Amino acid sequence: MELKITCIPGDGIGPEIVAEAKKVLDAVAKKYGHDMQYTDILMGGASIDVHGVPLTDEAVATAKSADAVLMGSIGGDTTTSPWYKLPPNLRPEAGLLGIRKALNLFANLRPAVLYEELAQACPLKQEISETGFDMLIMRELTGGLYFGERKTVEENGVRKAIDTLTYDENEIRRIAVKGFDIARKRRKKVTSVDKANVLDSSRLWRAVVEEVAKDYPDVTLEHMLVDNCAMQLVKDPAQFDVILTENMFGDILSDEASMVTGSIGMLASASLNDTKFGLYEPSHGSAPDIAGKDMANPIATILSASMMLRYSFDLDKEADVIDGAVKQVLRDGYRTGDIMSEGCEKVGCKRMGDLIVERVK
Ligand code: NAD
């Protein structure tokens, strides 16, 4: 299969972690006879330095012409980098917002996996963490409260702020379809999270999700109120497979779920549009404090590349091989500094990539 991939190495540790992900992809391609074609584009600070803007139209066009985009991370030290003296629309992060908009990425996927080998990093009680967990939060990314009309007015000398939360049924349906499709590739359970006891938008959300569920009789659907979900994530995270939710609830719950894994260098993510196209990136930032020192953990980016194979190319077997190689490396006792624990061997970014490649082969 021919896979056209646009890469955004970006800033900070970005180029180092993307290089390792490419190495792993190349090993999988060689093993299964695929042809990976990479084109790099500049974004964020790297683009500001060359073009004066964080994202050019040419870079967007290149990304659009690919089947998927693999990104490292963008941005620098926000207190010392000259990029942050620029107006907000010219700063590195504006490039990320720009490309998400240009590619119409409305579905954000964030897996939160606790590996048995890293259970000691989990802040939860041992009896909860020892079994591990593996969930995926599917968050609507372009609607809801963050994109509704807002204003601040003054009435009779009293300041008043108004935000509006709007969803139409088409916005709900397209994300629900994505959620059920992805549940089919996993343990076939969707937990739809809303606040249907209070909000009209949540009642519509629930009704539309029920309609979509009829097309997926093999997937179990349950509904959960967002306040209960926040509690269940720390009480019994292993119960979750796919959590499907709107923008603001997903923003909060996905950070909570990430925290309970305890390992920022391990968390992958993806943003999808209504085709198979997606942008895949680690959940962490560009870690300027360790950039260029061969200290970064490349696993979140390698797992993002695995998600790319699974969700944009339907190469589930190849993705399983990468996920399995990552687990095996952890089982074999290798750790980058951020996930180091007693009795393990500390390795750098490049060596971690090489160890995963060896296990892919
Ligand atoms: P960060 O995630 O870059 O770093 C937080 C801490 O985690 C640091 O100590 C860092 O060394 C460590 N860390 C992060 N990733 C790691 C990895 N793979 N391996 C080992 N350690 C890792 O967050 P921050 O310091 O708040 O932000 C730094 C820059 O990244 C900022 O410019 C910010 O805007 C940007 N950022 C970009 C993205 C993105 O590209 N999507 C996301 C978040 C932050």
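Residues numbered from 1 in each chain as written. Predicted model: local features only at pLDDT ≥ 70, side-chain atom pairs only at ≥ 80, totals over all residues. Heavy atoms only, no water.

**What about the layout of surface pockets?**
The calculated volume of the largest pocket comes to roughly 820 Å³. Lining the largest pocket we find 28 residues, and of these Leu96, Leu97, Arg100, Arg139 and Leu141 sit closest to its centre. In terms of residue count, the dominant contributor to the lining of the largest pocket is helix α4 (residues 92-102) (five residues). Computed from the structure, the second largest pocket encloses a volume of approximately 600 Å³. (1 Å grid on protein atoms, 1.4 Å probe; cavity = no way out; pocket = protein on both sides within 12 Å on 5 of 7 lines; lining within 4 Å. Points joined across faces, edges and corners; volume = space filled by probe spheres on them. Helix = DSSP H or I, 4+ residues; strand = E, 2+ residues; numbered from the N terminus.)

**Considerations on the pairing of strand β2 (residues 35-40)**
The pairing of strand β1 (residues 2-10) with β2 spans six bridges and is parallel. Each bridged residue has a counterpart across the sheet, and for Leu3 the counterpart in β2 is Met36. Taken together, β1, helix α1 (residues 14-32) and β2 form a β-α-β motif whose crossover is right-handed. (Pairing = 2+ DSSP bridges. Right-handed = clockwise from strand over helix to strand, strands pointing away.)

**Quick notes on the environment of Thr131**
Following the sequence through the fold, Thr131 ends up in the loop between α5 (126-129) and β5 (133-140). The class for Thr131 is exposed, based on a relative accessible area of 56%. For the pair Thr131 and Pro237, spaced 106 residues apart in sequence, the C-alpha to C-alpha distance is 9.9 Å. A distance of 3.3 Å separates the side chain of Thr131 from the backbone oxygen of Ile128, its partner in a polar contact. (Buried < 20%, exposed > 50% of the residue type's maximum accessible area, 1.4 Å probe, protein only. Polar contact = N/O pair within 3.5 Å; in protein donor to acceptor, adjacent residues only side chain to side chain.)

**Examining unusual backbone geometry**
A positive phi is found at Lys188, a non-glycine position, where the angle reads about 60°. Mapped onto the secondary structure, Lys188 falls in the loop between α6 (169-184) and β8 (189-194). Although it is not a glycine, Asp294 sits at a positive phi angle of roughly 55°. With respect to the helices and strands, Asp294 occurs in the loop between β12 (278-282) and α10 (299-311). On the basis of relative accessible area, Asp294 is assigned to the partly exposed category, the value being 32%.

**Comments concerning the sheet that holds β2**
Strand order across the open sheet formed by 10 strands is β2-β1-β3-β12-β11-β4-β5-β10-β8-β9, with mixed pairing between neighbours. Looking along the sheet, the strands with just one partner apiece sit at the ends: β2 and β9 (220-225). Ignoring strand direction, the axes of neighbouring strands in this sheet form an average angle of 25°. Sheet analysis places β8 next to β9, joined by six bridges and oriented parallel. From the neighbouring strand, Val190 faces β9, where its bridge partner is Leu221. Relative to the sheet, helix α9 (residues 247-261) contacts β4 (107-114), β5, β8 and β10 (242-245), its axis offset from that of β5 by approximately 155°. (Axes fitted to C-alpha atoms, helices over the stretch in contact; angles between N-to-C directions. Contact = heavy atoms within 4.5 Å.)

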